[in-house]
Amino acid sequence: TTLIKYNHSAFQRDDTMKLIQLRLSIMMFLQFFTAGCIMPVFSLYLKQDLNFTGTQIGLILAMSAVPSFLSPVIGAFVADRLISAERLLSICHFAGAAVMGALFMQKTFYPVLFFYLLYGLIAGPTFGLTTAITFHHSTDGTKTFGGIRLWGTLGWFTAAWVFSFFCIDSRSSGKDGDLHNTLLLAALTLFLSGIYSMTLPVGLKRKNDRVALIPKDSLSVMVLPDILILSVLCLVITFVDRFYTFGGAPYLKSLGFSDK
């Protein structure tokens, strides 16, 4: 009888973990679906639909780097101390949906610059939050994270398929497409992500202890030779990454490919 009860509880734990992994996979899918709506075609949207100059486009796209400095601060000082990571993720998604809706309606340089920067500041922490939430809820994150994160990649290119087949009308207004609709699709997905995040169970809770403004322990790790080399390589890789992330769509357009 004891053995049967043990096996039954083990099956229940397995079913619970599978359900948790499924829910985390959906979270990742929605997270990168939104990114897949915006990043691959945003530079072409600025060039083709808004007719911005190269300098203006460069300044706007450069704003995406600003959240990289502030997102870790938000994660360290806010998530799981003032508010749970799951609820903070939901708030970021709802706020991001509102800002993306506002960005959708902008047609001039400075408002687009402002709202894109504001969106980056709001959306920036969400990538770290989804990773943290995954490890919060996974009993063995080192083994399950890869499979869960894979659904983010699936979300990225599913966004391209959905947008290409359903959101671009190549016959409208004599234009090749309606790239501005990708911002509307992103806003709707962000709103859905906010609702979904509200249903996630709260995971890890940390004590409301003090956090140093300057992370001395982290900085001491940075000077280790292996970490320093890795950091330099990441800098170079990210530099190259931005060329094809933001430059891919205008390049394909120059070769004669349609928006679809």
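Every value quoted in this text rests on a predicted model; they were computed, and no experiment measured them.

*Asks:* Can you lay out the overall build of the protein for me, pointing to particular residues and giving the numbers?
*Replies:* Counting secondary structure elements, the protein contains 9 helices and 0 strands. Counting from the amino terminus, the protein carries its helices and strands in the arrangement α-α-α-α-α-α-α-α-α. A sequence separation of at least 24 residues applies to 80% of the contacts in the protein between residues at least 6 apart. For the protein, the computed accessible surface area is about 15300 Å², with 71% contributed by carbon and sulfur atoms.

*Asks:* Describe the pattern of salt bridges, naming the residues involved and giving the relevant values.
*Replies:* On inspection of all chains with the given rule, the structure shows 1 salt bridge. Between Arg242 and Asp241 there is a salt bridge; the shortest N-O distance is 2.7 Å.

*Asks:* How would you sum up the environment of Ser90? Please name residues and give values.
*Replies:* With respect to the helices, strands and loops of the structure, Ser90 is situated in helix α4 (residues 85-104). The sequence separation of Ser90 and Leu200 amounts to 110 residues, and the corresponding C-alpha distance is 9.4 Å. Contact partners of Ser90, with chain neighbours within four places excluded, come to Gly194, Ser197 and Met198.

*Asks:* So what about the packing of α4 against helix α5 (residues 109-137)? Which residues, and what values?
*Replies:* Between α4 and α5, whose axes approach to 9 Å, the crossing angle comes to 155°. When the axes of α4 and α5 are compared, the pair comes out roughly antiparallel. Considering the relative orientation of α4 and α5, their crossing is left-handed. Taking contact as the criterion, the partners of Ala85, Glu86, Leu88, Leu89, Cys92, His93, Ala95, Gly96, Val99, Met100, Ala102 and Leu103 in α4 are, on α5, Val112, Phe115, Tyr116, Leu118, Tyr119, Ile122, Thr126, Leu129, Thr130, Ile133, His136 and His137. Partitioned by chemical class, the residues of the contact of α4 with α5 number 17 nonpolar, 6 polar and 1 charged.

*Asks:* Residues and numbers for a nonpolar patch on the surface, please.
*Replies:* Residues Leu228, Val232, Leu235, Val236, Phe239, Val240, Phe243 and Tyr244 make up a contiguous nonpolar surface patch of roughly 870 Å² in combined accessible area. Structurally, Leu228 is set in helix α9 (residues 225-254). Residue classification places Leu228 among the partly exposed residues on the basis of a relative accessible area of 45%.

*Asks:* So, helix α7 (residues 181-198): which residues are in play, and what are the values?
*Replies:* Compared with the 26 Å implied by 1.5 Å per residue over 18 residues, the 26 Å span of α7 between its first and last C-alpha is a close match. The complete set of buried residues in α7 reads Thr182, Leu183, Leu185, Ala186, Ala187, Thr189, Leu190, Ser193, Gly194, Tyr196 and Ser197.

*Asks:* An account of unusual backbone geometry is requested, with residue identities and associated values reported.
*Replies:* Within the chain, Asn51 stands out as a residue other than glycine whose phi angle is a positive 60°. Take Asn51: it is sitting in the loop between α1 (2-49) and α2 (54-62). In this structure Asn51 comes out as exposed when scored by relative accessible area, which is 60%.

*Asks:* Account for the side chain of Ser43, naming residues and giving values.
*Replies:* Among the structural elements, Ser43 can be located in helix α1. Residues in contact with Ser43, not counting those within four places in the same chain, are Ile57, Leu61, Phe246 and Pro250.

*Asks:* How would you sum up the packing of aromatic side chains? Please name residues and give values.
*Replies:* Enumeration according to the criterion identifies 11 aromatic pairs in this entry. Pairing Phe42 with Tyr116 gives two aromatic rings, centres 4.7 Å apart and planes at 15°, and the pair type is stacked. With a gap of 74 residues between them, Phe42 in helix α1 and Tyr116 in helix α5 connect regions that are remote in the sequence. Comparing Phe42 with Tyr116 shows no difference in burial state: the two are buried. Ring geometry for Phe157 versus Trp161: centroids 5.1 Å apart, planes at 55°, classification tilted. Pair noted here: Phe157 and Trp161 are both in helix α6 (residues 141-167), with a separation of 4 residues, about one helical turn. Residue class for Phe157 comes out partly exposed when judged on its relative accessible area of 31%. Assessed through its relative accessible area of 51%, Trp161 is described here as exposed. If you follow Arg149 out to its NZ or CZ, it ends over the ring of Phe32, 4.0 Å from the centre.

*Asks:* Describe the packing of α2 against α5, with residues and values.
*Replies:* It is the contact of α2 with α5, at a shortest axis distance of 9 Å, that shows an interaxial angle of 20°. When the axis of α2 is compared with that of α5, the two are roughly parallel. Handedness of the crossing formed by α2 with α5: right-handed. Contacts between α2 and α5 involve Gln56, Leu59, Ile60 and Leu61 from the former and Phe109, Val112, Leu113 and Tyr116 from the latter. Of the residues assigned to the contact of α2 with α5, the class counts are 7 nonpolar, 1 polar and no charged.

Reading the values: the criteria
Residues numbered from 1 in each chain as written. Predicted model: local features only at pLDDT ≥ 70, side-chain atom pairs only at ≥ 80, totals over all residues. Heavy atoms only, no water. Helix = DSSP H or I, 4+ residues; strand = E, 2+ residues; numbered from the N terminus. Contact = heavy atoms within 4.5 Å. Areas by Shrake-Rupley, 256 points an atom, 1.4 Å probe, with all protein chains shown as cover. Salt bridge = Lys/Arg side-chain N within 4 Å of Asp/Glu carboxyl O. Axes fitted to C-alpha atoms, helices over the stretch in contact; angles between N-to-C directions. Parallel < 35°, antiparallel > 145°, perpendicular 65-115°, else oblique. Left-handed = near helix turned anticlockwise from the far one by under 90°. Nonpolar A, V, L, I, M, F, W, Y, C, P; charged D, E, K, R; others polar. Patch = residues over 30% accessible without salt bridge, like charges linked within 9 Å, V, L, I, M, F, W, Y side chains within 5 Å. Buried < 20%, exposed > 50% of the residue type's maximum accessible area, 1.4 Å probe, protein only. Expected span 1.5 Å × (residues − 1). Phe/Tyr/Trp six-rings, centres within 6.5 Å; stacked < 30°, edge-to-face > 60°. Lys NZ or Arg CZ within 6 Å of the ring centre and 35° of its normal.

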